[in-house]
Each structure stands twice: as C-alpha cells, then as structure tokens.
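# Fold and contact review
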Amino acid sequence: MNPSFSAVQNFSRRDVLKLFGATGGGLALGATGLSWSPMVMAQGEESRLNLFIAIGEDDKVYLTCHRSEMGQGIRTGIPQVLADELGADWNKVVVVQGLADKRYGSQNTDGSRSIRKGFDKMREMGAMARTMLEQAAADKWQVPISELSTANNLVIHTQSGRMVSFGELASAASKYALPKVDTLVLKSPQDFTHIGKPHKLVDMDGILNGEAKYGFDVQLEGMRYASIVRPPVYGSKVKTLDDSQARKVAGVLDVVRLPVPKGAPAFQPLGGVAVIASNSWSAIEGRKALIISWSDSNNDSHDSQAFLKQLVERVQAPGKLVRQQGKQSSDWPKQSTVKAIYTVPYLAHAPMEPPVATANVTDSGCELWASTQTPQSAAQNVAGFLGLKEEQIKVNVTLLGGGFGRKSKPDYCVEAALLSQQLKVPVKVCWSREDEIQNGYLHAISAQLYQARLGDDKMPQAMLQRTGFPSIGSTFAEGADYPAPWEVDLGFVDVPLAVKSLRCETVEAKAHTRIGWMRSVCNIQHGFGIGSFVDELAVKANKPITQMWRDLLGPERQEAFVDQGFKYGNYGEELARHPVDIARYHGVIAAVELGMRKGEQPKVNQAWGFAVHRSFAAFVAVALLVEVDKDNKLKVLRAVAAIDAGTVVNPDRVKSQTEGAIMFGLSLAMMGEISFKQGKVVQSNFHDYPLLRITQCPDIDVTVIPSDAPPGGVGEPGVPPVAPSLTNAIFAASGIRIRELPVSKHLTV
C-alpha cells in the first residue's frame with residue numbers, strides 16, 4: 001500500500017485557527033514548557049498554538065513534526081508514533097512542520113535523539129488525544145469509556161457495533177480537560193499498527209518529482225541575493241577593500257562589510273564582505289571582482305601536517321587522566337607490549353545542499369526560512385545579533401539536503417538576518433561548495449595511542465589509551481585546549497573492556513579553526529582507534545577478530561564504570577534505561593558473523609575486516625569484504641552490518657540510515673581529508689574533497705536486531721565501525737596496516 005500524503009510545510013497561528021480552531025471546531029494538542037506538559041488549544045482568536053495533533057471536521061489528522069527532515073525520515077517517524085497511539089488512518093494523515101518554539105522542548109535535530117528522546121512523549125500525546133475522543137464517544141452513546149477503542153480514524157464500540165469518525169467527535173472532544181499522564185493506557189507493542197512497520201517517506205513523492213522545498217528554493221518578493229567572501233584564515237579581518245569593479249557587474253546592487261567576530265567563534269558569522277545582487281549569478285560574479293587584503297592572524301602559520309606530527313608526539317607522553325580501571329600499570333616490557341598510533345585528519349561535512357538561509361527583517365521582527373537542524377538556536381542567535389526578543393523571530397524550517405551536524409550551527413542564518421536588517425529587504429545567503437569546505441566547522445584532526453601488555457595467553461593484562469584533538473569546546477570558550485569530558489565519552493572511555501588495568505588520558509591540542517560536531521562526532525576517531533587496535537591484538541593472538549572482541553568484552557553484564565574516576569554521560573541517557581549491555585554487543589557480532597558466512601568466501605587478494613561499536617545508545621557491527629590487487633588498488637566488494645537500536649519505529653529507515661552511514665564512513669575513511677597550509681584550507685570542492693562514487697560503493701546487507709529495549713539512536717551509530725572494518729580488511733587482504741587515514745594516502749581507491 002502506498003498512501004498519498006499532503007506534506008504541509010508550515011502553518012501560521014491564524015492558518016491553524018482557520019483549519020480547526022475558531023472557525024471550524026476541532027481537537028488540538030500542543031506541548032508547553034520543557035517538561036512536555038500538554039495544553040488544549042484555546043478557541044479564542046489570540047490563541048498561540050504549537051500543535052502535535054489536530055483533527056479537522058474533514059476527518060483529516062494533522063500531526064506536527066517538531067524536528068528537521070534531512071533525509072533521515074523523522075517527518076515520517078514522529079507521525080508514525082503519534083498515529084499509532086491515536087488510532088489514526090495513515091491515509092488521512094497530514095504532516096505539519098513545526099516552527100521554532102520553546103514549548104516543544106528541544107528541537108535540535110542532531111545526536112541521533114529525535115526518536116530516542118521523543119518516543120515516550122509522542123506516545124503520550126497520541127494516547128491523550130485518543131482518550132479525549134473516546135470520552136466524547138462514551139458520553140454521546142452513554143457507555144463506559146473502557147468499552148471503546150480506536151482504529152482507522154474511528155472510535156468503536158465493539159459490543160454494539162457502533163462507530164463514529166474522529167472528525168465528528170473532534171469539536172466535542174476538544175472541550176474535555178486533558179487526561180493526566182499517569183491515567184493513560186498505552187498500547188501493547190503487539191497492537192502496534194504503525195510503529196515497527198515500514199512506511200514510505202511522507203516527502204518521497206515531492207523529493208522525486210521536484211516539488212519538495214529546500215532552503216535554496218525559497219523565493220520572496222523583492223528578495224536580494226548575497227554571496228560572501230569570508231576570511232581565508234580563521235581570525236583574519238578585512239584590511240583593505242576595493243569593490244569598484246564588483247559594483248560594475250550587471251545586477252550587483254551593493255557591497256557590504258559584515259561585522260568582525262569577537263571572542264570564541266560560537267555561531268558568529270566569520271565577517272568578510274557580502275556582494276548583494278538581484279540574482280545569484282551577479283552576486284557570485286561581483287564577488288569574484290572584489291580586491292581584498294586581509295590582516296594577519298594568529299593562525300597564519302597553521303600547517304595541518306606539522307600539527308598532526310605534534311599530536312603524535314604528545315600522545316606518546318603522559319597526559320591528563322580521564323579514566324582508571326584497576327591499578328595503574330608502569331610495567332611495559334618491550335617483548336610483550338603492543339603499541340600503535342592512529343590518526344584522522346580534519347574532515348568537512350559536505351552535505352549535498354550547502355548552508356542557506358533567507359531572512360526578512362522588519363520593524364516588528366524577523367522571519368527566517370532556513371534549512372536548519374536547530375530552529376530554536378537559529379532564533380536565539382538571530383535575536384541576539386539583531387537586538388530583538390526571541391519571540392520576535394519566526395523560523396520556518398525547510399527540508400534539508402543533508403545536514404550531518406553542519407546545519408545545527410546557525411551562523412549562516414545570522415548572516416542573512418544582519419544583511420536584511422541593514423538593507424531593509426529580504427536577503428538570501430547562499431553558501432557555495434567552496435564556502436562550505438573552506439569556511440565551515442570542521443571535524444577535529446586527531447591522534448590516538450593504544451598500548452597493551454600481553455600475558456602468556458596473548459590477551460591484554462593492561463592497556464593504556466591517549467587521545468588528542470582540538471575540542472569542540474574551543475568553539476564556545478577561549479582556552480578550551482583539552483578534549484571535554486563529554487567528548488571522551490564518545491568511544492574512548494566508554495568501551496567496556498574486561499581488562500585488569502585500563503588507563504585513559506587526554507593531551508593538549510589548541511584549535512586553529514572552527515571545530516564542530518559531525519555525524520558520530522568523536523566516535524569517528526575513537527572508533528577507528530579501538531577498532532583497529534583490537535584487530536592488531538587479534539593478529540598477535542592468532543584468533544578471529546570477532547572472538548577477540550568477545551574475549552575483550554568479557555562475560556555478559558551491564559557495565560556501569562563504577563569507581564573509575566569519571567561519570568559517564570551516556571549520550572544524555574540514564575544507564576538504567578540505556579545500559580552498556582555486553583549481551584547486545586554479542587548479538588550484533590553474531591549477526592554479522594552469520595552474514596559473512598552466507599556470502600561467497602574471499603578469493604585471492606580478498607579478505608573480510610570487522611569492527612563493533614556502541615554509540616548513541618545503539619550497538620552496530622560492520623564487516624567489509626575488500627580486494628587489494630597487485631597494483632595496490634582497493635575495491636570494497638561487500639558490506640554486512642547489524643544494528644541493535646532497541647525498539648524500531650520504521651525498519652525501512654533504520655536500514656537506509658545504516659546503509660547511508662556505511663557510505664558516509666567509507667567516504668571519510670577512503671578519501672576524506674581537509675588540510676591546512678599557511679592557515680588556509682587547501683581543498684575547495686569535490687574534485688579534491690571527493691565523496692564515495694557509485695562504482696566505489698559495495699553491496700550492503702543490513703540486519704536490524706529485534707528488540708523491545710527503549711529506542712536508541714540510528715543516524716550516527718553506523719559510522720564509527722566502518723573505518724576500522726575497512727583498514728582491518730585491507731591488512732587481511734594485503735598485509736598493509738593502515739594507521740593513518742585516509743586510505744587514499746596508501747592505496748589507489
């Protein structure tokens with residue numbers, strides 16, 4: 001079945017009132033406050049609405065998605081949860097995109113937490129609406145509410161066979177007080193009709209036929225286009241400007257200097273010069289004609305190769321203790337010690353759609369249209385820079401052509417708002433691919449040391465780990481030169497190895513550019529480090545890597561990291577709800593082993609590589625089959641993955657996101673590198689910062705592990721095991737051990 005949808009983009013307050021409020025009667029549930037306590041829609045003309053569920057007299061069910069859609073399917077997943085508890089007919093669902101509003105709680109669509117954090121609350125919202133509809137029917141028929149149920153937009157009294165549509169009950173139901181959360185009766189999982197079932201993306205048809213609206217598609221009357229030259233070295237400023245030739249370009253209307261940032265970068269614009277034009281082509285051509293000299297910067301001498309060499313040296317010396325399991329070991333005999341250093345370069349997000357925002361600042365406030373992952377943060381930052389109150393900022397969220405964390409940093413939204421305020425017209429700021437690669441927020445360059453002392457059984461008796469990379473904290477506070485506790489929580493201190501002595505340390509690393517989170521964040525480098533080192537230990541012990549992982553993880557248990565000198569953040573989740581469960585590690589390992597056995601056996605110059613990783617409260621194992629020919633040319637032939645993400649809302653999306661994570665991870669591991677020379681980014685576009693091409697992509701087989709555990713993350717957990725799976729496979733196929741990414745430095749890809 002392929003139900004058709006009306007994917008409503010954004011309703012204003014008055015539009016909503018027209019549909020199912022003051023003019024027509026209906027039921028609406030919103031959320032107010034950070035605790036998600038619901039509120040009934042007031043029927044007055046001045047009501048302020050933030051809808052999760054609304055039912056019109058036409059029997060359509062309007063379900064609000066308060067998170068941003070960037071291909072991961074959240075505009076389908078959240079409505080599935082709401083619709084299931086409500087008992088809605090999927091063919092009558094209309095998805096409404098929520099505007100920025102604090103009453104939703106967090107709208108930050110990153111950290112793989114939209115379903116993880118919202119699943120229970122969305123179920124409660126659906127159950128509240130269902131209960132109110134059932135109460136209206138109970139009073140209408142004079143029967144106990146306990147005898148009623150809902151299905152397919154109907155309230156049903158099974159004993160008498162009577163049915164009534166949601167639309168007929170909506171107006172009456174809206175007059176009841178909301179039931180308290182502790183009185184709700186939620187569905188049993190075996191009664192789910194939408195949760196756990198594959199549903200096509202509600203935006204799929206629009207995406208395929210070109211009707212879907214992205215940030216670049218926004219058009220406003222009288223709108224101007226801005227193309228901005230930003231400092232080529234972080235921290236430099238415009239010294240001199242000659243814009244005479246730029247102003248002669250047909251269509252160029254003005255040239256504007258942007259304010260110089262102060263202090264830590266945060267989400268400030270970088271400064272520079274904006275060319276304003278009546279069309280994007282003129283803005284870009286005018287930008288090319290600018291003659292700018294730049295001031296000196298403290299980062300003028302930054303060279304990424306030299307900086308990485310410094311990091312490698314630092315991780316070989318004592319650092320700052322962040323975890324100690326058992327007693328510290330000082331005995332590292334050369335003959336029984338295994339030691340390796342792994343490095344990852346700077347990386348760029350490279351979403352297919354670069355950052356874009358359109359702002360219209362008037363005397364009453366600012367309206368913004370943006371492909372943003374963080375509408376609330378966009379509103380907050382725009383308000384701060386414009387000198388307005390947050391409630392004066394309206395943020396319309398378009399579809400995102402990829403995000404990966406870049407679009408949760410709203411500097412580009414601030415740029416558009418500042419220019420619109422100065423020019424007093426709507427302004428669209430469009431970043432080019434070159435802008436995004438050379439002036440974005442980069443994933444940190446890093447080095448990790450792993451060291452183990454082996455016993456007679458070739459198993460580690462003691463381990464030492466050190467990590468060094470510029471912290472994301474440097475983006476928000478000057479002097480943040482060590483990895484933050486939450487950053488080392490990501491795949492470094494939280495790997496539950498059952499060894500007698502385990503010591504984890506960090507080393508200093510100063511930031512020379514804007515550092516930001518990217519898909520799976522610090523798990524990128526830490527997953528590569530531990531995943532590679534376990535393979536090296538397996539080779540030393542002459543045992544399969546899957547067995548080495550089982551032996552290192554130890555007996556099935558739930559690891560709580562007690563008395564080890566740190567408090568584990570666990571991605572913002574309580575360990576009791578989302579435990580570090582060794583049995584679930586074993587489950588994904590076994591599933592991937594089965595997948596490898598089902599495929600064809602490796603031929604000459606071919607081999608499997610394997611890694612397993614827990615991140616964002618989900619467990620993922622990945623195996624890659626590769627071939628390295630006699631000319632050292634690499635081909636990735638097949639990928640087998642298993643993910644245990646707890647309760648799954650849409651298994652089709654879980655599979656597709658895991659497939660996407662494998663492709664994303666392969667792009668980074670095989671070819672991803674941003675380098676600096678004299679403070680400037682060397683790369684500029686896909687010719688020198690390439691993404692995975694279809695000919696490089698392997699066949700991918702994903703197993704979703706059935707589970708009744710609370711939902712974990714999905715979008716990011718598939719990335720960390722990919723790089724070590726790849727390099728481990730390369731070693732098995734060729735004997736070439738790659739500890740420095742990208743792989744393209746060592747092999748032809």
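The shown structure was predicted, so the numbers you read here are calculated from the model rather than taken from an experiment.

### Side note on the overall build of the protein chain
Looking only at helices and strands, the protein chain has 16 helices and 31 strands in total. In terms of overall dimensions, the protein chain has C-alpha extents of about 85 × 75 × 45 Å along its principal axes. Taken over 749 residues, the protein chain has a buried fraction of 62%. Summing over all exposed atoms, the protein chain offers an accessible surface of approximately 28900 Å²; the carbon and sulfur share of this is 51%.

### With respect to the pattern of salt bridges
A side chain of one charge can pair with a side chain of the opposite charge when the charged atoms of the two come close. Across all of its chains, the model carries 38 salt bridges by this definition. The partner of Arg-130 in a salt bridge is Glu-85, with the nearest N and O atoms 2.9 Å apart. On the criterion of sequence distance, the pair formed by Arg-130 in helix α3 (residues 114–141) and Glu-85 in helix α2 (residues 74–86) is long-range, its members being 45 residues apart. With a shortest N-O distance of 3.7 Å, Asp-631 and Lys-630 are connected by a salt bridge. Summarising the burial analysis for this pair, Asp-631 and Lys-630 share the class exposed. The network of salt bridges with common partners includes Arg-230, Arg-287, Glu-415 and Asp-435.

### Topic: unusual backbone geometry
A cis amide bond links Leu-741 to the next residue, Pro-742, at an omega of 5°. Along the chain, Pro-742 falls in the segment after α16 (722–734). You will see that Phe-561, though not glycine, has its phi angle at about 55°, which is positive. Examined against the element boundaries, Phe-561 turns out to sit in the loop between β24 (558–559) and β25 (580–581). Phi is positive for Phe-616, close to 55°, though the residue is something other than glycine.

### A few points about the side chain of Arg-433
Secondary-structure assignment places Arg-433 in helix α10 (residues 433–439). Here Met-352 takes part through its backbone oxygen, which lies 2.8 Å from a polar atom of the side chain of Arg-433. Those residues in contact with Arg-433 that lie beyond four places of it in its chain are Ala-350, Pro-351, Met-352, Glu-353, Pro-354, Ser-684, Asn-685 and Phe-686.

### Section: helix α14 (residues 582–598)
Helical periodicity: at 3.6 residues per turn, an α-helix aligns residues three or four positions apart in one direction. If you check α14, its first and last C-alpha atoms are 25 Å apart, about what 17 residues at 1.5 Å a residue would give, namely 24 Å. Considered for burial, the residues of α14 that qualify are Ile-582, Arg-584, Tyr-585, His-586, Val-588, Ile-589, Ala-591, Val-592, Glu-593, Gly-595 and Met-596. In the core, the buried residues of α14 are packed alongside α13 (545–553), β25, β26 (606–615), β27 (618–628) and β28 (634–644). With a side-chain oxygen positioned 3.0 Å from the backbone nitrogen of Ala-583, the residue opening α14 is Asp-581.

### Side note on the sheet that holds strand β15 (residues 320–325)
The strand order β15-β23-β22-β21-β16 describes an open sheet built from five strands, whose pairing is mixed. Edge positions in the sheet fall to β15 and β16 (337–344), since each has one partner strand and no second. Adjacent strand axes in the sheet meet at a mean angle of 10°, parallel and antiparallel pairs treated alike. Two strands pair when backbone bridges link them, and strand β22 (residues 460–468) and strand β23 (residues 501–506) are joined in this way by six bridges, in the parallel orientation. Bridged to Met-463 within β23 is Leu-502. Where helix α7 (residues 304–314) meets the sheet, it contacts β16, β21 (446–454) and β22, and its direction lies at approximately 25° from that of β21.

### Looking at the nonpolar core
In globular proteins that are soluble, nonpolar side chains generally tend to be buried together. Of all hydrophobic cores here, the largest spans 125 residues; its most connected members are Trp-549, Leu-634 and Leu-726. Sort the elements by how many residues they give to this core and β27 lands first, with 10 residues. If you look at the next biggest cluster of nonpolar residues, it comprises 40 residues, including Val-61, Ile-74, Leu-82 and Val-143.

### Looking at the pairing of strand β17 (residues 356–362)
The two faces of a sheet get side chains in turn, since along a regular strand they alternate between them. The buried count for β17 comes to five of seven residues, which makes it a mostly enclosed element. Where β17 lies against strand β20 (residues 427–430), four bridges are found, and the strand directions are antiparallel. Paired with Thr-358 across the strands is Lys-428, a residue of β20. Both β17 and strand β18 (residues 365–370) contribute to a ladder of six bridges, which runs antiparallel. By the bridge assignment for β18, Val-361 is matched with Cys-366. From the end of β17 to the start of β18, which pair antiparallel, there are two residues.

### Quick word on the sheet that holds strand β9 (residues 162–165)
Strand order in the open sheet made by the three strands is β7-β8-β9, with antiparallel pairing throughout. In this open sheet, the two strands that pair with only one neighbour each are β7 (148–151) and β9. Sheet twist, expressed as the average angle between the axes of neighbouring strands with direction ignored, equals 25°. Contacts from α3 reach β7, β8 (154–157) and β9, with the element oriented near 125° to β7. Where helix α4 (residues 166–173) meets the sheet, it contacts β7, β8 and β9, and its direction lies at approximately 70° from that of β9.

### Quick look at the environment of Gln-324
With respect to the helices and strands, Gln-324 occurs in strand β15. Classification of Gln-324 by relative accessible area gives buried; the value is 14%. As a C-alpha pair, Gln-324 and Leu-464 span 140 residues in sequence and 9.5 Å in three-dimensional space. When residues no more than four places from it in sequence are discounted, the contact partners of Gln-324 are Ser-501, Leu-502, Arg-503, Asp-563 and Gln-564. Within the local environment of Gln-324, its side chain forms a polar contact with the side chain of Arg-503, the two groups lying 2.9 Å apart.

### Some points on the environment of Val-395
Position of Val-395 relative to the elements: it lies in strand β19 (residues 393–397). You can call Val-395 buried: its relative accessible area is 0%. In this structure, the C-alpha to C-alpha distance between Val-395 and Ala-370, residues 25 residues apart in sequence, is 7.3 Å. Aside from chain neighbours lying at most four places away, what touches Val-395 is Leu-99, Ala-100, Leu-368, Thr-372, Pro-375 and Ala-379.

### Describing the side chain of Gln-72
Checked against the element boundaries, Gln-72 lands in the loop between β5 (61–65) and α2. With a relative accessible area of 16%, Gln-72 lands in the buried category. At 2.7 Å, the side chain of Gln-72 and the backbone nitrogen of Met-70 are in polar contact. Gln-72 has contacts with Thr-109, Arg-653 and Gln-657, leaving out every residue within four places of it along the chain.

### A look at the pairing of β26
Counting buried residues along β26, 10 of its 10 residues qualify, which places the element largely inside the surrounding structure. Residues Gln-606, Trp-608, Phe-610, Val-612 and Arg-614 line one face of β26 and the alternating positions Ala-607, Gly-609, Ala-611, His-613 and Ser-615 line the opposite face, and both faces are buried.

### Details of the confidence of the model for the protein chain
Confidence in the prediction for the protein chain averages 92 pLDDT; 93% of positions are at 70 or higher. Between residues 1–25, whose pLDDT stays under 50, and residues either more than four places distant or in other chains, the model counts 66 contacts. In this model, residues 30–50 is a region of pLDDT below 50 whose contacts with residues beyond four sequence positions or in other chains number 69 contacts.

### Focus on the packing of aromatic side chains
The way to describe two aromatic rings as a pair is by their centre distance and the angle between their planes. Scanning all chains against the criterion turns up 14 aromatic pairs. Consider the rings of Tyr-585 and Phe-619, whose centres lie 5.2 Å apart with planes at 80°: the pair is edge-to-face. Here Tyr-585, found in helix α14, pairs with Phe-619, found in strand β27; they are 34 residues apart in sequence, far enough to count as distant. Pair check on accessibility: Tyr-585 and Phe-619 agree, each one buried. A network of ring pairs unites the aromatic residues Phe-267, Tyr-441, Phe-476 and Trp-517 as a single cluster. Looking at Arg-406, its charged tip hangs above the ring of Trp-431, at a distance of 4.9 Å from the centre. Against the face of Phe-731 rests Arg-737, its NZ or CZ located 4.0 Å from the ring centre.

Reading the values: rules and limits
- Residues numbered from 1 in each chain as written.
- Predicted model: local features only at pLDDT ≥ 70, side-chain atom pairs only at ≥ 80, totals over all residues.
- Heavy atoms only, no water.
- Helix = DSSP H or I, 4+ residues; strand = E, 2+ residues; numbered from the N terminus.
- Buried < 20%, exposed > 50% of the residue type's maximum accessible area, 1.4 Å probe, protein only.
- Areas by Shrake-Rupley, 256 points an atom, 1.4 Å probe, with all protein chains shown as cover.
- Salt bridge = Lys/Arg side-chain N within 4 Å of Asp/Glu carboxyl O.
- Polar contact = N/O pair within 3.5 Å; in protein donor to acceptor, adjacent residues only side chain to side chain.
- Contact = heavy atoms within 4.5 Å.
- Expected span 1.5 Å × (residues − 1).
- Pairing = 2+ DSSP bridges.
- Axes fitted to C-alpha atoms, helices over the stretch in contact; angles between N-to-C directions.
- Core = buried A, V, L, I, M, F, W, Y, C linked by side-chain atoms within 4.5 Å.
- pLDDT = per-residue confidence, 0-100.
- Phe/Tyr/Trp six-rings, centres within 6.5 Å; stacked < 30°, edge-to-face > 60°.
- Lys NZ or Arg CZ within 6 Å of the ring centre and 35° of its normal.

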